Amino acid sequence: METVVSGIRSTGNLHLGNYYGAIQNFVKMQHEYNCYFFIADLHSLTTHPTPANLYNSVKQVLIEYLAAGIDPEKATIYIQSDVPEISELYLYLNMNAYLGELERSTSFKDKVRANPDNVNAGLLTYPVLMAADIIIHKATKVPVGKDQEQHLEMARTFGNRFNRLYNNDYFPEPYAFSYGSNLVKIPGLDGKGKMGKSEGEANAVYLADAPEVIRKKVMRAITDGGPTVENQEKPSEIQNLFNLMKVVSSQDTYDHFNGLYNSMQIRYGDLKKQLAEDMVIATAPIREKINDIANDADYLGRVSRLGAEKARESASKTIREVREIIGFRSF
Ligand code: TYM
């Protein structure tokens, strides 16, 4: 059975981008593959969270994984820092990761531009840690959104380089995966880029947002003066709303509003109201479970301990073999 690995950084609540780009696939894949889903708390250290923030964010992602339907009996759910073997593999892979290629990574360049005062080595070697996350379990499928595609390419590079260096084919190649033919990119509400935590609060709809909050955020989304000719091409902020509708609403609803747009009869207020209601409905099953799970500290403890144990079993086997391949042998 193929092995699947994916993770989400612990940087706050999960949003619709995380859900449709990643978690929805996690929930489906757990029935078909040997799955490892983790909380990337080491990755979140690049932005220096306080201990309290870190703890709360890790807990929140764990709660939301479970609320979204990831089943700890089916998939291995763990916290990255509970598996020190990942950090060890990261160290080995770093010896064959080069400054030039790391500096060329799009996400590194974006982060440097966004925050020039915090260009730390962890940020630079982020793709190496991500490669270690994936190949520590010898995964071949990695359910992620479109923004992670380049990271997967780098994971293949680092795994292959290790294989070449030691003249073997120890690590298989991991590929980004989505059930649809294309990797998903969920737009934000600001009409510009993707939905994301760092793109601003109002830009993202969180799985834990109350219905009133969702309605408010959607109603505030930017629109224009409306189409001036029939079948006009949609400007990006309008296209984004339609793209969101494609994900959360039915095809009939989408076709209805698309038809109104094309015949210049669209009222954006109606479109946004419908979009907000469909988001409220789409997130309800998750939102309703969040509180119950959050209040069950015993359960959270059990899930994370069981996950850490299972993940370490797999990771320590890899590390034992990697040490042997590298030449760390006992006398
Ligand atoms: P992160 O925490 O930024 O996002 C987690 C997952 O959500 C997806 N995603 C989106 N998908 C579609 N549209 C969006 N607007 C959107 N925003 C986020 C991401 O593609 C991702 O799948 N580096 C990773 C975490 C990570 C990881 C790994 C993933 C660390 N190690 C190993 C896979 C395998 C990250 O920062 O994702």
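Labelled according to an unreviewed UniProt entry, the chain appears under the name Tryptophan--tRNA ligase, originating from Mucilaginibacter gynuensis. We quote the UniProt Subcellular location (unreviewed entry) comment for the chain here in full: "Cytoplasm". Turning to the chain, the UniProt record has this under Sequence similarities (unreviewed entry): "Belongs to the class-I aminoacyl-tRNA synthetase family."

Draft legend 1. Fine view of the overall build of the chain. For the chain, the helix and strand inventory stands at 13 helices and five strands. Whereas a compact globule of 331 residues would reach a radius of gyration of roughly 20 Å, the chain reaches 21 Å, a difference of no more than 12%. Once the C-alpha set of the chain is aligned to its principal axes, its extents read approximately 80 × 45 × 40 Å. Burial statistics for the chain: of 331 residues in total, 39% are counted as buried. Long-range pairs, those at least 24 residues apart, make up 78% of the contacts in the chain with a sequence separation of at least 6.

Draft legend 2. Broad picture of the pairing of strand E2 (residues 34–40). Most of E2 is tucked away, with six of its seven residues classed as buried. Note: strand E1 (residues 3–9) against E2, seven bridges, orientation parallel. Looking at E2, one finds that Val 4 is bridged to Cys 35. In this view, the connection linking E1 to its parallel neighbour E2 by way of helix H1 (residues 16–29) has right-handed handedness. Direction of pairing for E2 relative to strand E3 (residues 76–79): parallel, over a ladder of four bridges. When the sheet's bridge partners are listed, Ile 39 is paired in E3 with Ile 79. With respect to chirality, the unit in which E2 leads through helix H2 (residues 51–68) into the neighbouring parallel E3 is right-handed.

Draft legend 3. Spatial organisation of the nonpolar core. Phe 37, Ile 70, Ala 131 and Ala 132 are the most contacted members of the largest nonpolar core, which totals 85 residues. When residues of this core are assigned to domains, at least three map to each of domain 1 (3–177 + 297–326) and domain 2 (201–290). Ignoring anything within four residues of it in the chain, the contact list for Ile 70 reads Phe 26, Val 27, Gln 30, Phe 37, Tyr 65, Ala 75 and Ile 77.

Draft legend 4. Here's a closer look at the site of the ligand. Close to the ligand lie 26 residues, the nearest being Arg 9, Gly 17, Gly 21, Val 144 and Gly 145. Elements supplying a minimum of two residues to the shell around the ligand: E1, H1 and helix H7 (126–135). Its residues assigned to classes, the shell around the ligand shows eleven nonpolar, ten polar and five charged.

Draft legend 5. Examining the environment of Gly 327 more closely. Summarising the element assignment, Gly 327 is placed in the segment after helix H13 (297–326). The exposure class assigned to Gly 327 is exposed, which follows from the 7 C-beta atoms found within 10 Å. Along the primary structure Gly 327 and Tyr 166 are separated by 161 residues, whereas in three dimensions their C-alpha atoms are 9.7 Å apart.

Draft legend 6. Broad picture of the domain arrangement of the chain. Here the chain is described as being made up of domain 1 (3–177 + 297–326) and domain 2 (201–290). Relative placement of domain 1 and domain 2: their C-alpha centres are 32 Å apart. In this assembly, ten residues from domain 1 lie in contact with nine residues from domain 2. When contributions to the side of domain 1 that touches domain 2 are tallied by element, the ones reaching two or more residues are H1 and H2. Of the residues contributing to the side of domain 1 that touches domain 2, the split by class is seven nonpolar, two polar and one charged.

How each quantity is defined
Residues numbered from 1 in each chain as written. Predicted model: local features only at pLDDT ≥ 70, side-chain atom pairs only at ≥ 80, totals over all residues. UniProt positions renumbered as here; feature names shortened; annotations may be inferred. Helix = DSSP H or I, 4+ residues; strand = E, 2+ residues; numbered from the N terminus. Rg over C-alpha atoms; globule rule 2.2 N^0.38 Å. Buried ≥ 20, exposed ≤ 12 C-beta atoms within 10 Å, placed from the backbone. Contact = placed C-beta atoms within 7 Å. Pairing = 2+ DSSP bridges. Right-handed = clockwise from strand over helix to strand, strands pointing away. Core = buried A, V, L, I, M, F, W, Y, C linked by C-beta atoms within 7 Å. Domains from an automatic or database assignment. Near = placed C-beta within 6 Å. Nonpolar A, V, L, I, M, F, W, Y, C, P; charged D, E, K, R; others polar.

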